[in-house]
Amino acid sequence: EDKVVQSPLSLVVHEGDTVTLNCSYEVTNFRSLLWYKQEKKAPTFLFMLTSSGIEKKSGRLSSILDKKELFSILNITATQTGDSAVYLCAVLGGSNYKLTFGKGTLLTVNP
Amino acid sequence: SAVISQKPSRDICQRGTSLTIQCQVDSQVTMMFWYRQQPGQSLTLIATANQGSEATYESGFVIDKFPISRPNLTFSTLTVSNMSPEDSSIYLCSVEDGPGQQYFGPGTRLTVT
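Residues numbered from 1 in each chain as written. Chains lettered and ligands numbered in written order. Predicted model: local features only at pLDDT ≥ 70, side-chain atom pairs only at ≥ 80, totals over all residues. Heavy atoms only, no water.

Asks: What should I look at first to understand the overall build of chain B in this one?
Replies: Counting its regular elements, chain B contains zero helices and eleven strands. Overall, chain B is about 40 × 25 × 20 Å in size when its C-alpha atoms are taken along their principal axes. In chain B, which comprises 113 residues, the share counted as buried stands at 51%. Summed over all atoms, the accessible surface of chain B reaches about 5,200 Å², with 48% contributed by carbon and sulfur. Averaging the coordinates of the 7 positive side-chain charges in chain B and doing the same for the 9 negative ones gives two points 9 Å apart. (Helix = DSSP H or I, 4+ residues; strand = E, 2+ residues; numbered from the N terminus. Buried < 20%, exposed > 50% of the residue type's maximum accessible area, 1.4 Å probe, protein only. Areas by Shrake-Rupley, 256 points an atom, 1.4 Å probe, with all protein chains shown as cover. Lys, Arg positive; Asp, Glu negative; His and termini not counted. Charge placed at Lys NZ, Arg CZ, Asp CG, Glu CD.)

Asks: Just checking my understanding: could you explain the overall build of chain A for this structure?
Replies: For chain A, the helix and strand inventory stands at zero helices and eleven strands. Walking chain A from its N terminus toward its C terminus, one meets helices and strands in the order β-β-β-β-β-β-β-β-β-β-β. For chain A, the spread of C-alpha atoms along the three principal axes comes to 45 × 30 × 20 Å. Expressed as a percentage of its 111 residues, the buried residues of chain A come to 42%. In chain A, of all internal contacts separated by at least 6 residues, the share reaching a separation of at least 24 is 55%. In the form shown here, chain A has an accessible surface area of approximately 5,400 Å², with 50% of it arising from carbon and sulfur atoms. Here chain A carries 12 positive and 10 negative side-chain charges, and the mean point of each set is 6 Å from the other. (Contact = heavy atoms within 4.5 Å.)

Asks: It is not clear to me how the interface of chain A and chain B should be interpreted in this structure. Could you clarify?
Replies: Size of an interface: often given as the accessible area lost when the parts come together. Of the residues lining the interface, 19 residues belong to chain A; the matching set on chain B comes to 22 residues. Of the roughly 1,600 Å² buried at the junction of chain A and chain B (both faces included), carbon and sulfur atoms supply 55%. On the chain A side of the interface with chain B, the three residues burying the most area are Lys-41, Tyr-97 and Phe-101 of chain A, jointly 34% of the side's total. On inspection of chain A and its partner chain B, the count reaches one salt bridge. Elements with a minimum of two residues in the side of chain A that touches chain B: strand S4 (32-38), strand S5 (43-49), strand S9 (85-93) and strand S10 (98-101) of chain A. (Buried area = accessible area lost by both parts, 1.4 Å probe. Salt bridge = Lys/Arg side-chain N within 4 Å of Asp/Glu carboxyl O.)

Asks: Is there a simple way to think about the packing of aromatic side chains in this case?
Replies: The relative placement of two aromatic rings is captured by the distance of their centres and the angle of their planes. If you walk through the whole model with that rule in mind, you get nine aromatic pairs over all chains. With a centroid separation of 5.0 Å and an interplanar angle of 20 degrees, the aromatic rings of Tyr-25 of chain A and Phe-30 of chain A are classed as stacked. Where Phe-45 of chain A meets Tyr-103 of chain B, the ring centres are 5.2 Å apart and the plane angle is 50 degrees; that geometry is what we call tilted. Placement of Phe-45 of chain A in strand S5 and of Tyr-103 of chain B in strand S10 (residues 102-104) is noted, with the two residues assigned to different chains. We classify Tyr-103 of chain B as buried; its relative accessible area is 15%. Of the aromatic side chains, those joined through ring pairs into one cluster are Tyr-36, Phe-45 and Phe-101 of chain A together with Tyr-35, Tyr-103 and Phe-104 of chain B. (Phe/Tyr/Trp six-rings, centres within 6.5 Å; stacked < 30°, edge-to-face > 60°.)

Asks: I would appreciate a short explanation of the state of the cysteines in the present structure.
Replies: Here a disulfide denotes one covalent bond, and it connects the sulfur atoms of two cysteines. Following the criterion strictly, the structure yields two disulfides over all chains and no others. Bridging Cys-23 of chain A to Cys-89 of chain A, the disulfide has an S-S length of 1.9 Å. Negative torsions about the S-S bond denote left-handed disulfides, and the value of about -65 degrees found for Cys-23 of chain A with Cys-89 of chain A makes this one left-handed. Of this pair, Cys-23 of chain A sits in strand S3 (residues 19-26) while Cys-89 of chain A sits in strand S9, and the two are 66 residues apart along the sequence. Overall, Cys-23 of chain A belongs to the buried group, its relative accessible area being 1%. Cysteine Cys-13 of chain B remains unbridged, with the sulfur of Cys-93 of chain B as its closest cysteine sulfur at 17 Å. (Disulfide = S-S within 2.5 Å.)

Asks: What should I look at first to understand the side chain of Ser-62 of chain A in this one?
Replies: Residues and elements named next belong to chain A. Structurally, the position occupied by Ser-62 is in strand S7 (residues 61-66). Separated by 3.5 Å, the side chains of Ser-62 and Glu-55 make a polar contact. Excluding residues that lie within four positions of it along the chain, Ser-62 makes contacts with Phe-47, Glu-55, Lys-56, Lys-57, Ile-73, Leu-74 and Asn-75. (Polar contact = N/O pair within 3.5 Å; in protein donor to acceptor, adjacent residues only side chain to side chain.)

Asks: I tried to follow the sheet that holds strand S3 (residues 19-25) of chain B on my own but got confused; where do I start?
Replies: Within a sheet, adjacent strands bond to each other through the backbone by hydrogen bonds, running parallel or antiparallel. Residues and elements named next belong to chain B. The strand order across the open sheet built from four strands is S1-S3-S8-S7, with neighbouring strands paired in antiparallel fashion. Whereas interior strands pair on both sides, the edge strands pair on one side only; in this sheet they are strand S1 (4-7) and strand S7 (68-72). Averaged over all neighbouring strand pairs, the angle between strand axes comes to 15 degrees, with direction disregarded. In this structure, S3 lies alongside strand S8 (residues 75-80), joined through six bridges in antiparallel fashion. Paired with Gln-22 across the strands is Thr-77, a residue of S8. (Pairing = 2+ DSSP bridges. Axes fitted to C-alpha atoms, helices over the stretch in contact; angles between N-to-C directions.)

So, in structure tokens, the structure goes:
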């Protein structure tokens, strides 16, 4: 069975801190790994990673994939209260080319 | 990326009734997906809806409970039938806009009393 595991499940930091969120996976027929930010209902797309070792960057967020060790990390530097959200990792693959989601990491950034 | 809207945004329904959720996309897309997110849980795929063919349901989901329509390349509906409190969830549609990239609609929060 395809599996995506995120850690930690929750994290509380102060503004300005740097955080690293982890995602490991066991998915057959891996195609890509995606990160989403979910604040209320709708997950918003952050990154899609398909190749190992190539960092994707957007402002204070960055992410990298290791296809040998089957994991990805999402880094957020100089955190702000607006970064408070659930961060979801999902892997596209499996026998029917579908997204399998992890349970998410709840990030709380305190002022 | 595609702009996706969903209606209703939220609803409170009585046990035993049905609710149809609409998903509209501003561009033509081949694949549309319906997900459920139960309280405190992550997203679970209900079914994949391709235009012109029957929806493909994931294990644990059946057409009688979650009938889906996909009449054209920009629209889909999901019906939650004969609802029970266990169906209280956020229901999300998504589309594939670019290889492997899925974008989500704003979601429908359903509460069944």
